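Report on the structure
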Amino acid sequence: MPDIFYVLLRRMRTPLIVLIVMYSVAVLGFTLIPGQDAEGQPWHMSFFHALYVVSYTASTIGFGEIPYAFTETQRLWMMFVIHLTVIGWLYSIGSLLAVLQDPAFRRLRTEYVFQRSVKRLRTPFYLVCGYGDTGGILVKALADEGIKAVVIDRDENRLNELELNDYIRRPLGLLADAAKPAVLEMAGITNSYCIGVIALTDSDQTNVMVALSAHLLNPNIRVLARVESAEAGANIRSFGKNEVINPFETFAGRLAMAIHSPGMYTLFTWMTGVPHEPLREPLFPDRGLWVICGFGRFGKALHRHLEAAGIPMQVIDPDPVANQAPTGAIIGSGVEAITLQQAGVKQAVGVIAGTNDDVSNLSILMTARELRPDLFMVARQNQRDNSLVFDRADIDLLMKRGDVIAHKIFALLRTPLISDFLDAARERDDDWANQMVSRILGVVSEEVPYLWEIKINKVRTPALYKACLMGQVQLRDLLRDPRERVKSLPAIPLLLKRDGKVMVLPELDKPLDVSDRLLMCAAWPVSHEMQWATQNENVLHYLLTGDEVSGGSLLRRYVMKGMK
């Protein structure tokens, strides 16, 4: 990127030359024109004195005729200088304003300020490419977790929205094309504090290019990319250790889970929620015939996952041959009652409006509801501007690509232990999942559970680390209330990982060891109380022994009071 000051001086070259010539002529005139001193003797200004007079004259300050009263000739020259300098300054200031308002220079100035801000970052941050629905949810969730984000997007309206939003940790934004490696470098992809790149643009090709650039510019960086085609997903997975999220495959898998294991679906939904998100009610869709309207990429993903779960389906598509729909597919869009009736909607338990047009999807559901009011309704929302009508449509399950991707990515970013827990949960049955849902309801109220990792080491948990070295801590000790140790905090230890081995729902009498990693689940305020105990030796000593160290009780109560 060219130096902004060099560009400014180059664009202001002519106005600066005009000012220099103007001042030179004015100063020269005052030195050549003779004046008179107090005794009436001839007197000539020095160059310094002349420059002084021209300076306060040209700036309109006007100290007067000093050090002696001017002669008529000097006053005539002064009038000339006044008009000359006013015209010169008007021209120069006008030129400067024109440069500052020039779109190219404004873009250069914005990029210069952005680049300097990125270089000054001294905290870990994620580089987010694309600030649509997904990016907005994800950046807010990261900010709530105290994690900085640097955002790139080609849409100026989205960047304006980013500037207007009130985030706890204000993200940096740049109006640019993330597919250009130079833009990624400017945004800090090679910065040592950049801990990951998240490609969320609407173009699979751009997301592939972002992943390629990240792999070549910073091979060790973590990359998470959104894709909507199997080809792009396979491309990104073919190099590096990249993680790919396909919203259609993810949602289709969750819907199949909701049908055959509703308890497991509820557990997964709560575990992957973003902080402070409202707690969703459990869903109980019936097993039976499902009608899928639209057999594009979303319809194909649904058909694949529902078929694997042994769920019968009937597909409706305007062009079954071109879209390679299964045998027996009904030709039509699904907005007509006769098409839905041919698909067996009156015998079905659910209907999925999965086309790429919001008007069609809403029409399908309204028509299906007229034919059978008790159908389980699933809809795909394509445009976020239509959220109001989709919310009013009383749909049982809504597929918003932004929400699906943001939730899964945030779960991956928070801690790998969440993935470990969910992988272990898949091996359990739905009864186990229902028990977990009941336990979680006992520690949260209106918001999704807050998940966090306690990593026992010298830096992050110094008090707990020291106590574990002496073999003094059991898991139940961490669950004691720092204000009254005989009480327990409303929290659930979901998982303990030690030496690569995973223990789901570890026993409370389990002794803790250095380098252990714990996944905890509770309401958000409880996490602060538990984290404080892992860092303060006085508080932890009270939890372990019941003895209050001098000064510890006062400090503990003061801090706990401030956390309420």
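Residues numbered from 1 in each chain as written. Predicted model: local features only at pLDDT ≥ 70, side-chain atom pairs only at ≥ 80, totals over all residues. Heavy atoms only, no water.

1. Side note on the overall build of the protein
Scanning the protein from N- to C-terminus turns up 24 helices and 20 strands. Its C-alpha atoms give the protein a radius of gyration of 34 Å, more than 25% over the compact-globule value 24 Å for 564 residues. Taken over 564 residues, the protein has a buried fraction of 50%. When contacts within the protein are restricted to residue pairs at least 6 apart in sequence, those whose partners lie at least 24 apart make up 65%. Measuring between centres, the 59 positive side-chain charges of the protein sit 5 Å from its 61 negative side-chain charges. (Helix = DSSP H or I, 4+ residues; strand = E, 2+ residues; numbered from the N terminus. Rg over C-alpha atoms; globule rule 2.2 N^0.38 Å. Buried < 20%, exposed > 50% of the residue type's maximum accessible area, 1.4 Å probe, protein only. Contact = heavy atoms within 4.5 Å. Lys, Arg positive; Asp, Glu negative; His and termini not counted. Charge placed at Lys NZ, Arg CZ, Asp CG, Glu CD.)

2. Some remarks on the nonpolar core
Among the nonpolar cores identified, the biggest contains 52 residues, and L267, M271, I352, F421 and L494 are the most heavily contacted of them. Here the element with the most residues in this core is helix 11 (residues 247–260); it accounts for eight residues. L267 has contacts with F421, A425, W432, A433, M436, V437 and I440, leaving out every residue within four places of it along the chain. (Core = buried A, V, L, I, M, F, W, Y, C linked by side-chain atoms within 4.5 Å.)

3. Regarding the packing of helix 12 (residues 262–271) against helix 19 (residues 430–441)
It is the contact of helix 12 with helix 19, at a shortest axis distance of 7 Å, that shows an interaxial angle of 45 degrees. The angle between helix 12 and helix 19 places the two elements in the oblique class. Regarding helix 12 and helix 19, the two cross each other, and that crossing is left-handed. In this structure, helix 12 uses P262, G263, M264, T266, L267, W270 and M271 to contact helix 19, whose residues at the interface are D430, W432, A433, N434, M436, V437, I440 and L441. Residues of the contact of helix 12 with helix 19, tallied by class, amount to 11 nonpolar, three polar and one charged. (Axes fitted to C-alpha atoms, helices over the stretch in contact; angles between N-to-C directions. Parallel < 35°, antiparallel > 145°, perpendicular 65-115°, else oblique. Left-handed = near helix turned anticlockwise from the far one by under 90°. Nonpolar A, V, L, I, M, F, W, Y, C, P; charged D, E, K, R; others polar.)

4. Considering helix 22 (residues 524–535)
Buried within helix 22 are the following residues: V526, S527, E529, M530, A533 and T534. Within helix 22, the buried residues cover an arc of 165 degrees as seen down the axis, which keeps them to one side. (Arc of directions from axis to C-beta.)

5. Quick notes on the pairing of strand 18 (residues 491–498)
When you tally the buried positions in strand 18, you get seven out of eight residues, the bulk of the element. As paired elements, strand 18 and strand 20 (residues 517–522) share six bridges and run antiparallel to each other. Along strand 20, the bridge assignment pairs L495 with L519. With four bridges joining them, strand 18 and strand 19 (residues 501–504) adopt antiparallel strand pairing. Bridge assignment links L496 to a residue of strand 19, and that residue is M503. (Pairing = 2+ DSSP bridges.)

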